[in-house]
Amino acid sequence: MRKSSILKFGLTAGPLLFTSITSAQTEEAPTLQEITVTAQQREQSILDVPVTMDLIQGEFLDRTNTTELDDLSRFIPNVVIQEQGASLPSFNIRGITDDSASITATPRISVYQDGIDISKKTVSSVSLYDIERIEVLKGPQPTLFGVAAANGAISMISAQPINEFEANLRMATNTEGGIDVRGMINTPINDIFAFRLAGAFREQDGNIKNLACGPGSYNPSGMITDQNGVSRSCAGGDLNGVSVQALRATLKAELENTDLLLRASVETNEQPGIAFKSGSIAPRNGDTNPFTDAELGLGSLIGIDRDLESLDAAVTHRFSDSLALTVDGYTKDVELSETFDADGTGLRIQDAFFENNAKLSGYGARLVYESGSRFEGFVGFSSTHDESILPFVQMVDPVLRGAFDARLAELEVQFPNISLTNDVTTNASIEEIAAVRQMLVDSLFNADGTPISDPATSSTNIVGPFVFEGELDILSYVAEGSYDLTDKVTLTAGVRYIDETRFSRDTLFNTFTAEGEADFSDVLPRFSLNYSHSNSLSLYFNYAEGRRSPVVDVDPFGTTSVIDAETVDSFDVGLKYYGDRLSFTSALFAYTYKDFQESFTDAQTLEGRTVTVGDSDMFGFESTVDYQVDDTLRVGATLGLLDAKFDGSAENGGAFDFGGNSFRLAPDVSGSLHINKGVRIAGYPIEFEWISSFQSEVFFESSNRPELSEDAYWITDVSVKFGGDQPWRFEVYADNLFDKEYLIDAGNTGGGFGIPTFVAGMPFVAGVRMYADF
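Here we summarise the structure given alongside this text. (Residues numbered from 1 in each chain as written. Predicted model: local features only at pLDDT ≥ 70, side-chain atom pairs only at ≥ 80, totals over all residues. Heavy atoms only, no water.)

### With respect to the overall build of the protein chain
Next up, step 1: Of regular secondary structure, the protein chain possesses seven helices and 44 strands.
Next up, step 2: In terms of C-alpha radius of gyration, the protein chain reaches 26 Å, essentially the compact-globule figure of 28 Å for 774 residues.
Next up, step 3: Principal axes of the C-alpha set define a box for the protein chain whose edges measure 80 × 65 × 55 Å.
Next up, step 4: Sequence separation of 24 or more characterises 69% of the internal contacts of the protein chain that already satisfy a separation of 6 or more.
Next up, step 5: Looking at the protein chain as shown, the accessible area adds up to about 29,900 Å², and 55% of this sits on carbon and sulfur atoms.
Next up, step 6: Between the centroid of the 54 positive side chains of the protein chain and the centroid of its 114 negative side chains there is a distance of 4 Å. (Helix = DSSP H or I, 4+ residues; strand = E, 2+ residues; numbered from the N terminus. Rg over C-alpha atoms; globule rule 2.2 N^0.38 Å. Contact = heavy atoms within 4.5 Å. Areas by Shrake-Rupley, 256 points an atom, 1.4 Å probe, with all protein chains shown as cover. Lys, Arg positive; Asp, Glu negative; His and termini not counted. Charge placed at Lys NZ, Arg CZ, Asp CG, Glu CD.)

Pasting the structure below:
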């Protein structure tokens, strides 16, 4: 590790951790507010779980109107979730990003919904509604959340049916034309069965207008050729909108010694396209500012359509008060298609269409022993199957793309130290890069400013299809136990054995086909110590080994390559304090990575490719505080400090030599402040909510190109609720109160071939909500 950085973090985080411990010891013996979690596959007090974790209760989600996973980034230190579309969300925990577009690469971060692995990219973007709690575990979780938890896990637990009637309704509208309706009804059927039905409907106009295919655009004809070679109307459309229709039904039966849970859900997205706006080629009557109107040539055809269906069941039988067996199974079916403008302009340099369909299934069993004495633990196994297919086509103007590729090749020779593509590190200044990129752009226009090929009359070449297929079968066995060495100290140790088969097939133009298959196995351990200082304070140490599975890559020309598994050794030391009015957590952590995998997008096929770039060390500090000052005031804060950089001795050079660079989406400092204050005016209850979050500079690419970054910024949301604890309440709110302009992504597919695109974050939005509880 870098000694100067370790010293820096030690000097910064050490006093904070010491202050936390001494504060807890001097607090007047508060009574623990029992918080139960299931992170270790059994119900436990959060103080007894020797893992760094953040807990977001459903009440907080409801109170802050948190409906999307990326909103969690605001409240959880050292976590960044990028959810600009349902097709490819990105999860970052402690500087490690999980955003490979490859259907054969394994995520680094597990995403679970009600105990079911939904880590696959096209499945993991789900709407948050009727949630009991969300548990976010930091660091590798090999025994708790399986093969995909190489760097952490996000576990969402939906509310289950209960044996009494209850119902609620949430309705909202806002200044972006948004409509948000969520509701739930729960009813007992008899003494054994209870049923719960919950749903969500969200529609919101895009905040970026698309001027393509209209008067004053590069293509005023209003028609364009789609992926099937059909000429279609393309006028109108907006970008960065929201579309969610979701429904979940749950049936629960409680017999004398057996519980049965059956759950079915559907979620449909008909989302307007993402505003991948070019930073190099402006709309015909506009500019390259990512926060103003765009001109993406496909116009109203741009968008994401997804249908996700899920069915799962679980049976738990209690043999005794201390021994229980759970058997579960699931099936998921996702169909997704996306039409997008890769170059971010009104010119047809590269448009694209793809489908990404998958069938997932699995089953498993877990035997849990909870004696209430010195030993507790579980053993289990799971079997999962993932079958995916991704057909992909490009639509290009042959004149424009030919001129573009020829000029780009010339510039690469003329300016060898100023590469224009995302994946190459450069020491050139932003001004030097922009000057060379302008030479590339100039090659696409005549002297009078018109394109060298008129989009209204030019021909379209449909390139493809490229068809990528993958199958994955994983069988794993796990055992973990906790033993009380003394009344204060508990040892937890576990191990998971993984046996996996990975298959890949690539087909080009329905003619050239290549495929590859490989088997892998591994053993991953976990070890931790928990010291229970008191009923409200515990300290812990945790070691775990994480593993990102090998990747089997093939290409249509018969080349098969196996990318080595990425492994990580992680160490956490921390404390947890939960009192009647005050709670906080603090943790120091360090990771050592070997054979770190880096993903990039193939500029020709747009398929995700993976390479190994060497080793890396990463470490940091994080803390959360929640203080109930009195019955009317609650204050919370989070802080994350992170040093996440590639080692200078990266083993694989060339375009992926990122030695010394920061990881993508890894701010050095992140934090938040939330204040909830209740008052009475003329006897009427009013509640104020203030949430501010901070993020220091981030790079959007591991190459750390200076033009593909976002400076530090604050975002503030506020709301005022009226009605107190009454069944009917209403609220006025403002998100991004100060209308801060910020980017949520840069580079993207366009950057892979020299002209990066930029995606703007949400602007100021105000609205009203109504709450009803029955």
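### A word on the sheet that holds strand S42 (residues 743-747)
Next up, step 1: Strand order in this open sheet of three strands is S20-S43-S42, and the pairing throughout is antiparallel. Single-partner strands in this sheet number two, and they are strand S20 (277-278) and S42. (Pairing = 2+ DSSP bridges.)

### Comments concerning the environment of Asn-542
Next up, step 1: Residue position: Asn-542 is located in strand S29 (residues 537-548).
Next up, step 2: Ignoring any residue separated from it by four or fewer positions in sequence, one finds Asn-542 in contact with Pro-50, Arg-526, Phe-527, Ser-528, Ser-570, Phe-571 and Asp-572.
Next up, step 3: At 3.3 Å, the side chain of Asn-542 and the side chain of Arg-526 are in polar contact. (Polar contact = N/O pair within 3.5 Å; in protein donor to acceptor, adjacent residues only side chain to side chain.)

### Considering empty space enclosed by the protein
Next up, step 1: Applying the stated criterion to the full structure yields five cavities of 30 Å³ or more.
Next up, step 2: Computed from the structure, the second largest cavity encloses a volume of approximately 180 Å³.
Next up, step 3: For the lining of the second largest cavity, the element with the highest residue contribution is strand S19 (residues 258-272), accounting for four residues.
Next up, step 4: Partitioning the lining of the second largest cavity into residue classes produces six nonpolar, four polar and six charged. (1 Å grid on protein atoms, 1.4 Å probe; cavity = no way out; pocket = protein on both sides within 12 Å on 5 of 7 lines; lining within 4 Å. Points joined across faces, edges and corners; volume = space filled by probe spheres on them. Nonpolar A, V, L, I, M, F, W, Y, C, P; charged D, E, K, R; others polar.)

### Overview of the state of the cysteines
Two cysteines joined by a covalent bond between their sulfur atoms form a disulfide.
Next up, step 1: Inspection of the entire model under this criterion finds one disulfide.
Next up, step 2: Sulfur-sulfur distance for the disulfide between Cys-213 and Cys-234 comes to 1.9 Å. Across the S-S bond linking Cys-213 and Cys-234, the dihedral sits near -100°, which makes this disulfide left-handed. Here Cys-234 lies in the loop between strand S16 (231-233) and strand S17 (238-239) and Cys-213 lies in the loop between strand S14 (208-209) and strand S15 (223-225), a separation of 21 residues in the sequence. For the pair Cys-213 and Cys-234, one class covers both residues: buried. (Disulfide = S-S within 2.5 Å. Buried < 20%, exposed > 50% of the residue type's maximum accessible area, 1.4 Å probe, protein only.)

### Considering the pairing of strand S23 (residues 351-355)
Next up, step 1: For S23, a buried count of four out of five residues is recorded, marking the element as mostly surrounded by other parts of the structure.
Next up, step 2: Pairing of strand S22 (residues 323-341) with S23 involves five bridges; the strand directions are antiparallel. Across the sheet, residue Ser-337 finds its bridge partner in S23, namely Glu-355.
Next up, step 3: Here S23 runs beside strand S25 (residues 375-396); their pairing, made up of four bridges, is antiparallel. Considered in S25, the bridge of Ala-352 is made with Gln-394.

### Some thoughts on the layout of surface pockets
Next up, step 1: Here the second largest pocket is characterised by a volume of approximately 1,100 Å³.
Next up, step 2: In terms of residue count, helix H2 (residues 58-63) provides more of the lining of the second largest pocket than any other element does, five residues in total.
Next up, step 3: Across the lining of the second largest pocket, the residue classes break down as 12 nonpolar, 11 polar and 16 charged.

### Notes on a nonpolar patch on the surface
Next up, step 1: Together, Tyr-363, Phe-381, Tyr-477, Val-495, Tyr-497 and Val-523 line one region of the surface with nonpolar side chains, adding up to about 550 Å² of accessible area.
Next up, step 2: Secondary-structure assignment places Tyr-363 in strand S24 (residues 357-370). (Patch = residues over 30% accessible without salt bridge, like charges linked within 9 Å, V, L, I, M, F, W, Y side chains within 5 Å. Salt bridge = Lys/Arg side-chain N within 4 Å of Asp/Glu carboxyl O.)

### Brief notes about the pattern of salt bridges
Next up, step 1: If you walk through the whole model with that rule in mind, you get 44 salt bridges.
Next up, step 2: Among the salt bridges present, the one from Lys-138 reaches Glu-622, with a minimum N-O distance of 3.0 Å. With Lys-138 in strand S9 (residues 131-138) and Glu-622 in strand S34 (residues 608-630), this residue pair connects regions lying 484 residues apart in the sequence. Across the pair, exposure class does not vary: Lys-138 and Glu-622 are buried alike.
Next up, step 3: Salt-bridge contacts for Asp-773 lead to Arg-170; the nearest nitrogen and oxygen are separated by 3.2 Å. Within this pair, whereas Asp-773 is found in strand S44 (residues 765-773), its partner Arg-170 is found in strand S11 (residues 166-174), the two being separated by 603 residues in sequence.
Next up, step 4: The exposure class assigned to Asp-773 is partly exposed, which follows from its relative accessible area of 29%.
Next up, step 5: Using a relative accessible area of 8% as the deciding quantity, one classes Arg-170 as buried.
Next up, step 6: Each of Glu-59, Arg-63, Glu-689, Lys-721, Glu-731 and Arg-769 takes part in a single network of salt bridges with overlapping partners.

### Focus on the nonpolar core
Next up, step 1: Leu-347, Ile-349, Phe-392, Phe-404 and Leu-444 are the most contacted members of the largest nonpolar core, which totals 34 residues.
Next up, step 2: Of all the elements in the fold, those that place two or more residues in this core are S22, S23, S25, helix H5 (398-414), helix H6 (430-442) and strand S26 (461-484).
Next up, step 3: Not counting chain neighbours up to four residues away, the residues in contact with Phe-404 comprise Ile-349, Leu-440, Leu-444, Phe-753 and Ile-755. (Core = buried A, V, L, I, M, F, W, Y, C linked by side-chain atoms within 4.5 Å.)

Function cannot be inferred from these measures alone, as they are strictly geometric.
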